[in-house]
Amino acid sequence: GFLIHVYSVRYMQGDPGYHRYFAYLNLFLFAMLVLVLANNYLLMFLGWEGVGVCSYLLIGFWYERKNASDAANKAFIVNRVGDAGFLLGLFLIWTTFGSLKYAEVFARAEHVLGAGSTLATVITLALFVGALGKSAQLPLSVWLPDAMEGPTPTSAMIHAATMVTAGVYMVVRSSPLFNLAPDTANLVAVVGALTAIFAASIGCVQNSIKQTLAYSTISQLGFMFLAAGLGAYATAIFHLFTHAFFKSLLFLGAGSVIQSLHGEHDVRRMGGLAPHMRLTAYAFLIGALATAGVFPLAGF
């Protein structure tokens, strides 16, 4: 988040909404910290909705463009579908446990719910619907590629630090509940695997530099859900953490290319840039190799 802020200082120079942009970006980071530092589901939900609002504001930052305002609306509406499920899960947790604090809920989960019980399955399913919307998994993955209408550093923020990884974080945070619902856990793994393949195959035929990266993100998130669904929670979080670095690197590199080419997004009109943009080329290459999972980079 710090590096994206530093990068944005120069990237957004001369934009009439410069001050507004930084207000949104700081609020975005604040909401994400609330989400991650919360010790209960209610505060987590506050941060969850906070990043939702900020992504809406930043995707539609250039609201005078119809594409940008449409993309912001799409992101907001699709996320409302997911959040309806998340809220239902919170209501069920509250009525079952009389508390929304992680420590209290998890300590009593096995005793109150029982392994494989219907209630455990329903609660985790509801939570997972929230994660589907936020982390752009099938069938709620339609909003993320359109989210590229915002400024490029915003895309780095949404894909790396704040927005889309929140769904994975929430599933892992709720792991004691998912451990009691093997059916839901299997569903999480299957949806993750399908999304990983599906999104990567779409990414192969994109012409926009940022949309290619967006589908790559959806695919990488699929891997995280696959790991979480199989119970490898530490692996899912490790990939979430490393992905944040190489994906923001790729988006900031894409921003450098787009700005050097005066707003050109079409990869078919690019090529032979390496001799003129050495630093960007090397950085982008490292990011691409990490995303592809090449040894010894963290993506491997």
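Everything here concerns the structure above.
Rules and cut-offs
- In this convention, every chain numbers its residues from 1, walking through the sequence in written order.
- At least 70 in pLDDT is required for a residue's local features to be given in this predicted model, at least 80 for side-chain atom pairs to be given and counted, and no such filter applies to totals for whole chains, interfaces and linings, which use all residues.
- Hydrogens and water molecules were not included; the side-chain quantities draw on all heavy atoms of the structure.
- Counting from the N terminus, the helices are the DSSP runs of H or I reaching at least four residues and the strands are the DSSP runs of E reaching at least two.
- Only C-alpha atoms enter the radius of gyration; for comparison, a globular chain is expected to reach 2.2 Å times N to the power 0.38, where N is the number of residues.
- Throughout, exposure labels follow a simple rule: accessible area from a 1.4 Å probe, protein chains only, divided by the maximum for the residue type, with under 20% read as buried, over 50% as exposed, and the rest as partly exposed.
- Contacts: residue pairs with any heavy atoms within 4.5 Å of one another.
- To get an axis, a line is fitted to the C-alpha atoms, and for a helix only the part in contact is used. The angle between two axes follows their N-to-C directions and goes from 0 to 180 degrees.
- Note on terminology: angles under 35 degrees are roughly parallel, angles over 145 are roughly antiparallel, angles of 65 to 115 are roughly perpendicular, and the others are oblique.
- Two helices that cross are described as forming a left-handed crossing if the nearer one is turned anticlockwise from the farther one by less than a right angle, and a right-handed crossing if clockwise.
- In summary, the pairing rule links any two rings of Phe, Tyr or Trp, Trp by its six-membered ring, whose centres are within 6.5 Å, and it sorts them by plane angle into stacked for under 30 degrees, edge-to-face for over 60 and tilted for everything else.
- Criterion for a charge above a ring: Arg CZ or Lys NZ at most 6 Å from the ring centre, at most 35 degrees from the ring normal.
- By definition, a salt bridge exists where a carboxyl oxygen of Asp or Glu is found within 4 Å of a side-chain nitrogen of Lys or Arg.
- The span expected for a helix works out to 1.5 Å for each residue beyond the first.
- At every residue, the bend is computed as the angle between two fitted axes, covering the seven residues ending there and the seven beginning there respectively.

## Concerning the overall build of the chain
Argument step 1. Each helix and strand in the chain was counted, giving 14 helices and zero strands.
Argument step 2. Taken from the N to the C terminus, the helices and strands of the chain come in the order α-α-α-α-α-α-α-α-α-α-α-α-α-α.
Argument step 3. Since a compact globule built from 300 residues should have a radius of gyration of about 19 Å, the 19 Å found for the chain is in line with a globular shape.
Argument step 4. Viewed in the frame of its principal axes, the chain has a C-alpha envelope of about 65 × 40 × 30 Å.
Argument step 5. Relative to its 300 residues, the chain shows a buried fraction of 54%.
Argument step 6. Counting only contacts in the chain whose residues sit at least 6 apart along the sequence, the fraction spanning at least 24 positions is 74%.

## Considering the packing of helix 3 (residues 41-59) against helix 6 (residues 118-134)
Argument step 1. It is the contact of helix 3 with helix 6, at a shortest axis distance of 12 Å, that shows an interaxial angle of 25 degrees. It follows from the interaxial angle that helix 3 and helix 6 lie roughly parallel. Handedness of the crossing formed by helix 3 with helix 6: left-handed. Mapping the contact onto sequence places Tyr41, Trp48, Val51 and Gly52 in helix 3 and Leu127, Gly130, Ala131 and Lys134 in helix 6.

## Some points on the packing of aromatic side chains
Argument step 1. Taken as a whole and assessed by the stated rule, the structure comprises 15 aromatic pairs.
Argument step 2. Measuring from ring centre to ring centre gives 4.9 Å for Tyr41 and Tyr102, while their planes differ by 85 degrees; the resulting arrangement is edge-to-face. With a gap of 61 residues between them, Tyr41 in helix 3 and Tyr102 in helix 5 (residues 102-113) connect regions that are remote in the sequence.
Argument step 3. Look at Tyr41 and you get buried, because its relative accessible area is 0%.
Argument step 4. In this structure Tyr102 comes out as buried when scored by relative accessible area, which is 3%.
Argument step 5. Taken together, a centroid distance of 5.4 Å and an interplanar angle of 70 degrees make the contact between Phe45 and Phe86 edge-to-face. Taken together, the positions of Phe45 in helix 3 and Phe86 in helix 4 (residues 66-97) put the pair 41 residues apart, joining distant regions of the chain. The exposure classification of Phe45 matches that of Phe86, with both residues buried.
Argument step 6. Grouped by ring-pair contacts, the aromatic residues Tyr18, Tyr21, Phe22, Tyr24, Phe61 and Trp62 constitute a single cluster.
Argument step 7. Stacked on the ring of Phe61, the Lys or Arg Arg20 has its end atom at 4.2 Å from the ring centre.
Argument step 8. Geometry around Phe76 places Arg80 over its ring, the cationic atom sitting 4.3 Å from the centre.

## Points about the environment of Leu29
Argument step 1. For Leu29, the position within the fold is in helix 2 (residues 18-37).
Argument step 2. Judged by its relative accessible area of 24%, Leu29 falls in the partly exposed class.
Argument step 3. Apart from the residues lying within four places of it in its own chain, the contact partners of Leu29 are Gly1, His5, Met157 and Thr162.

## A closer look at the pattern of salt bridges
Argument step 1. Within the structure shown, the criterion is met by six salt bridges.
Argument step 2. When the shortest N-O distance is used, the salt bridge between Glu49 and Arg80 registers 2.9 Å. One end of the pair, Glu49, is in helix 3; the other, Arg80, is in helix 4, with 31 residues separating them in the sequence.
Argument step 3. You can call Arg80 partly exposed: its relative accessible area is 27%.
Argument step 4. For Glu264, the salt bridge is made with Arg269, and the minimal N-O distance between the two is 3.2 Å.
Argument step 5. The network of salt bridges with shared partners includes Glu49, Arg80 and Asp83.

## Regarding helix 4
Argument step 1. Here helix 4 is 32 residues long and its end C-alpha atoms lie 46 Å apart, about the 46 Å a rise of 1.5 Å per residue gives.
Argument step 2. Approximately 25 degrees is the largest bend angle found in helix 4, and it occurs at Val81.
Argument step 3. Of the residues one or two after helix 4, Gly98 is the one with positive phi, at around 70 degrees.

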